[in-house]
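Structural overview for review
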Amino acid sequence: MSDRQAKRQRRAERRAAASQEGGISHPPLGAPPLFTERSSVASSHLAIALSAAVPLRVLGLYERQGPDENDLEAARQVGTLIASKGDVLLFGSQVRGETAKLFNHVAQALAVLSFAPGGICFGQHFDAQAILTGFFGAQTAEQYCQHMRGTPLTAQQEQRNPHNDDMR
């Protein structure tokens, strides 16, 4: 085999390998209907977008002196919204602006819930104290979050969930 033929063969092997990696993969038999390559790409894009949006919203809440009752109620309603329109969040919508609106609701809810002791996990961990540490330093963030946990809103939340003491 000549050098030219060997190069052609190696090139053909690389192309075949690249087409197998980049080609459309079919879900395995018996897999759930939404198990596709596209869903993992969409969810990774969602994770990246949330990792940028949630800290900015935490900063906005900090500047507003923390989340209030309205923020907490809106965060509660996002669970129902995700249950009914989660596919729009992952795959987009034909309706202009619907995906962005849903994304903004989710990011805001995660920012509000990140003020809970220990933060919240939604595919990744969001903790207001850790986020604010990145902006203002550990001491300021800790003092602020301790102050927020002592507010009447937090006391009201703890009355609703008396088992929160186990999580501290």
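The rules behind these values
Residues numbered from 1 in each chain as written. Predicted model: local features only at pLDDT ≥ 70, side-chain atom pairs only at ≥ 80, totals over all residues. Heavy atoms only, no water. Core = buried A, V, L, I, M, F, W, Y, C linked by side-chain atoms within 4.5 Å. Buried < 20%, exposed > 50% of the residue type's maximum accessible area, 1.4 Å probe, protein only. Helix = DSSP H or I, 4+ residues; strand = E, 2+ residues; numbered from the N terminus. Contact = heavy atoms within 4.5 Å. Phe/Tyr/Trp six-rings, centres within 6.5 Å; stacked < 30°, edge-to-face > 60°. Axes fitted to C-alpha atoms, helices over the stretch in contact; angles between N-to-C directions. Parallel < 35°, antiparallel > 145°, perpendicular 65-115°, else oblique. Left-handed = near helix turned anticlockwise from the far one by under 90°. Nonpolar A, V, L, I, M, F, W, Y, C, P; charged D, E, K, R; others polar. Patch = residues over 30% accessible without salt bridge, like charges linked within 9 Å, V, L, I, M, F, W, Y side chains within 5 Å. Areas by Shrake-Rupley, 256 points an atom, 1.4 Å probe, with all protein chains shown as cover. Salt bridge = Lys/Arg side-chain N within 4 Å of Asp/Glu carboxyl O. Lys, Arg positive; Asp, Glu negative; His and termini not counted. Charge placed at Lys NZ, Arg CZ, Asp CG, Glu CD.

A word on the nonpolar core
- Judged by nonpolar contacts, the single largest core of 28 residues is most densely connected at L50, V54, V58, F103, V106, F115 and L132.
- Secondary structure elements with two or more residues in this core: α2 (37-63), α3 (69-91), α4 (98-113), α5 (128-136) and α6 (138-149).
- Ranked by residues supplied to this core, first place goes to α4 with 8 residues.
- Apart from residues no more than four positions distant in its own chain, F103 is found in contact with L46, A49, L50, A53 and L89.

Brief notes about the packing of aromatic side chains
- One pass over the structure, following the stated rule, counts 4 aromatic pairs.
- Judged by centre distance (6.4 Å) and plane angle (70°), the rings of F115 and Y144 are edge-to-face. On the criterion of sequence distance, the pair formed by F115 in the loop between α4 and β1 (120-121) and Y144 in helix α6 is long-range, its members being 29 residues apart. We note that F115, like Y144, is buried.
- Summarising the aromatic geometry, the rings of F135 and F136 are spaced 6.2 Å apart at their centres and angled 45° between planes, so their arrangement reads as tilted.

Focus: the packing of α3 against α4
- Contact geometry for α3 and α4: axes closest at 9 Å, N-to-C directions at 140°. By the criterion of interaxial angle, the relationship of α3 to α4 is oblique. Considering only the axes of α3 and α4, their crossing is left-handed. Two secondary-structure elements touch here, α3 through D71, L72, A75, V78, L81, I82, K85, V88 and L89 and α4 through E98, T99, L102, F103, H105, V106, Q108, A109, V112 and L113.
- Grouping the amino acids of the contact of α3 with α4 by side-chain chemistry returns 13 nonpolar, 3 polar and 3 charged.

A word on unusual backbone geometry
- Even without glycine at this site, Q65 takes up a positive phi of about 75°.
- Among the structural elements, Q65 can be located in the loop between α2 and α3.
- Given the relative accessible area of 60%, Q65 is considered exposed.

Observations regarding the side chain of S114
- Among the secondary structure elements, S114 is positioned in the loop between α4 and β1.
- The residues touching S114, leaving out its near neighbours within four places in the chain, are V58, G119, I120, F126, D127 and A128.

With respect to the packing of α5 against α6
- At their nearest, the axes of α5 and α6 sit 7 Å apart, and the two run at 140° to each other. It follows that α5 is oblique to α6 by the angle criterion. The hand of the α5/α6 crossing is right-handed. Touching A128, Q129, L132, T133 and F136 of α5 are A138, T140, A141, E142, Y144, C145 and R149, all from α6.
- For the contact of α5 with α6, the per-class residue count stands at 7 nonpolar, 3 polar and 2 charged.

Quick notes on a positive patch on the surface
- Together, R4, K7, R8, R10, R11, R14 and R15 make up a region of like positive charge exposed at the surface.
- With respect to the helices and strands, R10 occurs in helix α1 (residues 3-22).
- Owing to a relative accessible area of 44%, R10 belongs among the partly exposed residues under this scheme.

Quick look at the environment of V112
- Residue placement: V112 occurs in helix α4.
- Residues V112 and L61 lie 51 residues apart in sequence; the distance between their C-alpha atoms is 7.7 Å.
- Setting aside residues up to four positions removed in sequence, V112 forms contacts with L61, P67, D71, L72 and A75.

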